[in-house]
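Residue-level listing of the chains:
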Amino acid sequence: MEDYKFLFKVVLVGNAGVGKTCLVRRFTQGLFPPGQGATIGVDFMIKTVEVDGEKVKLQIWDTAGQERFRSITQSYYRSAHALILVYDISCQPTFDCLPDWLREIEEYANNKVLRILVGNKTDREDREIPRHIGEDFAQRHGMYFLETSAKEAENVERLFMEIAVELMEQAKCKELPKYDGSLGPINGKTTSVGDGSCCLRS
Amino acid sequence: MSFVKCCFEAGEGHDFLDSFVQKCTDPGCCCGCCSALRPRYKRLVDNIFPAIPQDGLVKTNMEKLTFYSLSSPEKLDRIGEYLFQKASRDIYRRRHGFVIIAMEAMDQLLVACHSQTLNLFVESFLKMVQKLLESTDPQLQILATQSFVRFANIEEDTPSYHRRYDFFVSKFSAMCHSNHIDKPTRDSIRLAGIQGLQGVIRKTVSDDLVENIWEAQHMDKIVPSLLYNMQTAEKYDTVLCMEGGAGEEQPARLAEACLRELVGRASFGHIRSVLRPVLTHFDRHELWIPNDFAVHTFKIIMFSIQAQYSYSVVEALMQHLDAGGNRSGDPRDYTRVRAARAAVLSNIVAIAAADSVGPSVLEIINNLLTNLRASVARDSEKETDEKLYQEALINALGEFADHLPDFQKIDIMMFIINKVPSSQRANKGTKADAMLQSILLKSLLKVGTTYRTVELSKAFPAAFLEALLRLGGGAGARARTTLQRILHTLLDRRDNAPRLASPTVEVCELGLIVEKCSRQDLIFFSKHGYALFSSLYEGLQLESNTMENVEAIYTTLALICIELASEETVCDIMQLILAIQQSSLSNPVLSVAQQCQLQAISISLAALLPHVMMHTRLTDYINKIIAARREEAPHLLPPLQEDYDDLPPAKMPNKLPYLMMDQMALCDLLKSHGVDVTRLSSTSPYTAGNVALPHRHSWVEAGAAQGRDSLAEITAPGTELDSANSSPGVQRANGTASCVSLEALRRAAGGPSAAERRDAERRRATLNNAFRTAPFDHLLHITQPKYEIKDKLEEIFNSISEEPLLPGSGACSPAAHKSYTSAVPPYTKYFPELFLY
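So, how was this worked out
Residues numbered from 1 in each chain as written. Chains lettered and ligands numbered in written order. Predicted model: local features only at pLDDT ≥ 70, side-chain atom pairs only at ≥ 80, totals over all residues. Helix = DSSP H or I, 4+ residues; strand = E, 2+ residues; numbered from the N terminus. Buried ≥ 20, exposed ≤ 12 C-beta atoms within 10 Å, placed from the backbone. Contact = placed C-beta atoms within 7 Å. Pairing = 2+ DSSP bridges. Axes fitted to C-alpha atoms, helices over the stretch in contact; angles between N-to-C directions. Parallel < 35°, antiparallel > 145°, perpendicular 65-115°, else oblique. Left-handed = near helix turned anticlockwise from the far one by under 90°. Core = buried A, V, L, I, M, F, W, Y, C linked by C-beta atoms within 7 Å. Nonpolar A, V, L, I, M, F, W, Y, C, P; charged D, E, K, R; others polar. Right-handed = clockwise from strand over helix to strand, strands pointing away. Expected span 1.5 Å × (residues − 1). pLDDT = per-residue confidence, 0-100.

**Describing the overall build of chain A**
Item 1. On a plain count of helices and strands, chain A comes out with six helices and six strands.
Item 2. Helices and strands appear in chain A in the N-to-C order β-α-β-β-α-β-α-α-β-α-β-α.
Item 3. Considering chain A as a whole, with its 202 residues, one finds that 49% of them fall into the buried category.
Item 4. Put simply, 73% of the contacts in chain A that link residues at least 6 apart link residues at least 24 apart.

Right, here's the structure in full:
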């Protein structure tokens, strides 16, 4: 059971109410919790996926978007292998905050972290940010880009799978020692992700 | 069931047997053979599981397993590994009952095993804990935490270098923030999270080799998690609720206990790493306003921290006072936050004071003053929040000083007064300077209030007193009042000040506490009394005085009367009283109200003095005057009034000479009590009017402060005064155009000649008196310059004597020349002293 080859830490960030928790819930539990309350501090989920026949364990840290928890959430960036930056396509302000978030990531996260920009809530009718705007932004800042809908389960699976694939690629091409179950998770830094070319859109 | 399991397990086997069994994929493989082939430890482990999880751990089999692992500890790691695998699978299949049993078994093994052999087992144990924590089931998470805590309480004697706790810190912190819908569940998850953090702290804090828990990445998670739980408590019980097992059921309580433990274990280098997240958390969660929780938290920190480091908390908070200004948009909010922070500071600073020593004390004071100065600099008058901030800082200063030993308080007061902008600068200087001055004086007052005077000479070191008195002249009316209050608090040893807040003649009813003046105090008075008195006297002569100023000076004088009254000093005090009375009549700058006020306080003081001295005849005399004034001129008696507008000209103080205290009569009365009155019968050393001059040379300054060096220069001010006084009407009227009244004009027209003569006389007397009363230091100072004269004379004598010598007899014997020069000095040397007397 504990035969996963890789362990990756994925952290979700973004303004309050953009749907980070819903994305995680949809992916880990396959459900869309209506009326999900605001996350406090940070939440934790785990999911093991299979990539090329190898098991990859994703530790997903779902952070609170509220400003007041910023200091504790920042402390989670550091050990992340991938950061998912989420905005709400029907809410311009959440998009406008992206530069701030990038600054924060720049400051607190590992500079080789894999960054993915996600425009959530594609199911909404009242789209405010066209797809290409998000794409441009992602490209400019060297991020992957994806639009999702946690409600419709659109692209959610793909999002996490692509992260897993990409991280595994990086880990493999760096030929870093693989995550080896016998050492145990307590060994901390399991597979550190190399500085793959994150600038290309997948 | 067991054989199904065994076939599954084979997958990750280690030894030969397992790899053999691996090939046995046929589910129908015979059970007996299978279990016989399995290693013993696996069979033992399998046997502890009951058929159905509700039955719980099979006790007897568990004992067997324990015994086995004790007797062959080298198998422990495999047992652990095997248990872990079983549990992982059970978690996956959601058979939580078996998971719980596996965990229980692991706990038991952990406790039973000797610590040397534990190391390997711990790896699987922790993997198991992590596995449980990763599940979404609260029950398993809590179970895992309990096991972890049990593990944390075991003292390991072999360090484990490669063990890492970052997952646990992250996960437990996340649990502390649990937002489970069901409140009891939420509380228990949070509780478990805190317990887990506590466990991690316990496990790592003492062991440098493991993981540095003080690193920012951990502290940034732990501290906010604890604080978050603490802040959700309905009310913050006042400190020291550390004990009490029942209370720990609540997350808030436990979080508090945990924070105490954490802070208590922090060494000097680590304090900062705890404080930084605390401060950030308060900023982020906007917990400064209201600041109850901040105060509560910081008190906890102060009480739990190792005493010698408490100073660094104060320091950190102080440095944080100004932090984060750019974040909040509204500057008003920001100021308010700052004020709240300062209030927190004032709450905790006292706790630090007891343990602060040496330079750290002045450092704190200096820091506070710097903050005050910064506040004044950005102050915009109307900002009440800024005022609150300043008040809070001053309070902090006071609180801090309150807990310092007295000798340090004086040092601090010296320190503060040196920071006060000088009076000259304040006069022409900016408003900010005046503001700073008044604020620093307030701080000084605050510190002074905490000081308990024993000996006046200790409370007023010469430099301090001098600085205080010098400030008195130049400051604004408000600042002068504050200055007097400082004097009150330092002079008042017997809590008489409140009773003497305003002048009264009914001294008997005040219930004053009077004790005999000590020898040391008399020495103090003889040294500094004159300086003190003349400063106060001059303070009364300012036309900008309000009633408050006059009353404050009255209180000071009354306190001096009480503290210092004795046979030796009574003349000086009486002399001052008479001078005040006189000045009320002769000082042309004073308004009618001020004149009346001066009359009132002089009579009040005159009534107080014999009461203190218990001179009955003097009392009778004063009472007679009081009675007469009550008849004819109640405005010359206390209480003071703001204005005396409806006063008919005939009732002006200077029209009522028969209601004044008479110098000769007082002399006689005092003489009858056996007091040496020679000093009183001579003219007063106090001069009116000279304070009105911008360029002031009082004796205090000339002698002590400025250090004028020649006698010629000391007399010089007199001539300056003359020239200024000879045309007072023109100059002063110009200067004070705003308050020209009929009365002032009349004074200017009619008064000068008489007043002037008196002034000149008085000045002469001042000089005489100075030599009689001034302290030895001054005299020394004054006589010193004369050696210059001596030197000059000597030079002249020499030149005169040498000139005829040289041309007269070029071959004059050197011996003769020497004898001549050596004969001269004695004259010159003693000449000045002779001149002096």
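**Description of the overall build of chain B**
Item 1. When helices and strands are tallied, chain B shows 41 helices and zero strands.
Item 2. Counting over 837 residues, chain B shows a buried share of 44%.
Item 3. For chain B, restricting intrachain contacts to residue pairs at least 6 apart in sequence, the fraction spanning at least 24 positions comes to 76%.

**A word on the sheet that holds strand 6 (residues 144-147) of chain A**
Residue and element names in this part refer to chain A.
Item 1. Ordered in space as 2-3-1-4-5-6, the six strands form an open sheet in which the pairing is mixed. Strand pairing shows two members of the sheet lacking a second neighbour, strand 2 (42-51) and strand 6, which therefore form its edges. In this sheet, neighbouring strand axes are inclined to one another by 25° on average, regardless of whether the strands run parallel or antiparallel.
Item 2. Pairing between strand 1 (residues 6-14) and strand 3 (residues 54-63): seven bridges, direction parallel. If you follow Leu12 over to strand 3, its bridge partner there is Asp62.
Item 3. This element, helix 5 (residues 131-140), spans strand 5 (114-120) and strand 6 of the sheet and lies at about 160° to strand 6.

**Section: the packing of helix 4 (residues 40-47) of chain B against helix 6 (residues 76-92) of chain B**
All names here are of chain B.
Item 1. One can describe the packing of helix 4 onto helix 6 by two numbers: an axis separation of 10 Å at closest approach and a directional angle of 45°. Classified by the angle their axes make, helix 4 and helix 6 are oblique. In the packing of helix 4 onto helix 6, the handedness of the crossing is right-handed. Contacts between helix 4 and helix 6 involve Tyr41, Lys42 and Val45 on the former and, on the latter, Arg78, Ile79, Tyr82 and Leu83.

**Details of the nonpolar core**
Item 1. Judged by nonpolar contacts, the single largest core of 258 residues is most densely connected at Ala82(A), Leu83(A), Ile116(A), Cys561(B) and Leu609(B).
Item 2. Among the elements that take part in this core, helix 29 (residues 592-613) of chain B stands out by supplying 13 residues, more than any other.
Item 3. Residues within four places of Cys561(B) in sequence aside, it is in contact with Ile573(B), Leu605(B), Leu608(B), Leu609(B) and Val612(B).

**Thoughts on the interface of chain B and chain A**
Item 1. Of the residues lining the interface, 32 residues belong to chain B; the matching set on chain A comes to 24 residues.
Item 2. For the side of chain B that touches chain A, the secondary structure elements donating two or more residues are helix 6, helix 8 (115-134), helix 10 (166-176), helix 12 (216-231) and helix 14 (268-284) of chain B.
Item 3. For the side of chain B that touches chain A, the element with the highest residue contribution is helix 10 of chain B, accounting for seven residues.
Item 4. Looking at the side of chain B that touches chain A, its residues break down into eight nonpolar, 13 polar and 11 charged.

**Structural notes on the pairing of strand 5 of chain A**
Residues and elements named next belong to chain A.
Item 1. Strand 5 sits mainly inside the fold: seven of its seven residues count as buried.
Item 2. Going residue by residue along strand 5, you find Leu114, Ile116, Val118 and Asn120 tucked away on one face and Arg115, Leu117 and Gly119 tucked away on the opposite face as well.
Item 3. Judged from the four bridges that link them, strand 5 and strand 6 form a sheet pairing that is parallel. Paired with Leu117 across the bridge in strand 6 is Phe145.
Item 4. Taken together, strand 5, helix 5 and strand 6 constitute a β-α-β crossover, and its handedness is right-handed.

**Description of unusual backbone geometry**
Item 1. Along the chain, Ile289(B) connects to Pro290(B) via a cis peptide bond; the corresponding omega equals -5°.
Item 2. Note on placement: Pro290(B) falls in the loop between helix 14 and helix 15 (292-304).
Item 3. In this structure, Lys121(A) takes a positive phi of about 75° despite not being glycine.
Item 4. Looking at Lys121(A), the number of C-beta atoms within 10 Å reads 24, which means it is buried.
Item 5. Despite not being glycine, Ala153(A) has its phi angle at roughly 55°, a positive value.
Item 6. In this fold, Ala153(A) is placed in the loop between strand 6 and helix 6 (156-173).
Item 7. The partly exposed category is assigned to Ala153(A), around which 15 C-beta atoms lie within 10 Å.

**Some points on the environment of Gly196(B)**
Item 1. Residue position: Gly196(B) is located in helix 11 (residues 183-205).
Item 2. Every residue in contact with Gly196(B), bar those within four places of it in the chain, is listed here: Thr145(B), Phe148(B), Val149(B), Phe168(B), Phe172(B) and Met175(B).

**A look at the environment of Ser188(B)**
Residues and elements named next belong to chain B.
Item 1. Take Ser188: it is sitting in helix 11.
Item 2. Assessed through the 21 C-beta atoms surrounding it within 10 Å, Ser188 is described here as buried.
Item 3. Sequence-wise, Ser188 and Gln139 are 49 residues apart; in three dimensions their C-alpha atoms are separated by 9.3 Å.

**What to know about helix 10 of chain B**
Item 1. Judged by how many residues are buried, helix 10 of chain B sits mostly within the fold: 11 of 11 residues are covered.
Item 2. Those residues of helix 10 of chain B that sit buried are Asp166(B), Phe167(B), Phe168(B), Val169(B), Ser170(B), Lys171(B), Phe172(B), Ser173(B), Ala174(B), Met175(B) and Cys176(B).

**Focus: helix 6 of chain A**
Count 3.6 residues to each turn of an α-helix, and residues three or four apart come out pointing the same way.
Item 1. Along its 18 residues, helix 6 of chain A runs 26 Å from first to last C-alpha, staying within 8% of the 26 Å computed at 1.5 Å per residue.
Item 2. Inspection of helix 6 of chain A places Val156(A), Leu159(A), Phe160(A), Ile163(A), Ala164(A), Glu166(A), Leu167(A), Met168(A), Gln170(A) and Ala171(A) among the buried residues, and these make up the whole buried set.

**Looking at the pairing of strand 3 of chain A**
All names here are of chain A.
Item 1. Counting buried residues in strand 3 gives eight out of 10 residues, a clear majority hidden from the surface.
Item 2. Alignment of strand 2 against strand 3, held across 10 bridges, turns out to be antiparallel. Within strand 3, the position partnered with Val49 by the bridge is Val56.
Item 3. What sits between strand 2 and strand 3 in their antiparallel hairpin is a turn of two residues, with Asp52 showing a positive phi close to 50°.

**Quick notes on the confidence of the model for chain A**
Item 1. Across chain A, pLDDT averages 83, with 85% of residues at or above 70.
Item 2. Below a pLDDT of 50 lies the segment residues 177-202 of chain A, which in the model reaches 59 contacts outside its immediate sequence neighbourhood of four places, other chains included.

**Let's talk about the environment of Ala600(B)**
Residue and element names in this part refer to chain B.
Item 1. Mapping Ala600 onto the fold places it in helix 29.
Item 2. Exposure remark for Ala600: the 28 C-beta atoms within 10 Å place this residue in the buried category.
Item 3. For the pair Ala600 and Gln641, spaced 41 residues apart in sequence, the C-alpha separation works out to 10.0 Å.
Item 4. Setting aside its immediate chain neighbours within four residues, Ala600 contacts Pro503, Leu636, Leu637, Pro638 and Leu640.

**Brief notes about the packing of helix 29 of chain B against helix 30 (residues 616-632) of chain B**
All names here are of chain B.
Item 1. Across the interface, helix 29 lies against helix 30 with an axial gap of 9 Å and an inter-helix angle of 155°. Viewed along their axes, helix 29 and helix 30 adopt a mutual orientation that is roughly antiparallel. As helix 29 runs across helix 30, the sense of the crossing is left-handed. Mapping the contact onto sequence places Ile603, Ala606, Ala607, Pro610 and His611 in helix 29 and Leu618, Thr619, Ile622, Ile625 and Ile626 in helix 30.
Item 2. Residues belonging to the contact of helix 29 with helix 30 are distributed by class as follows: eight nonpolar, two polar and no charged.

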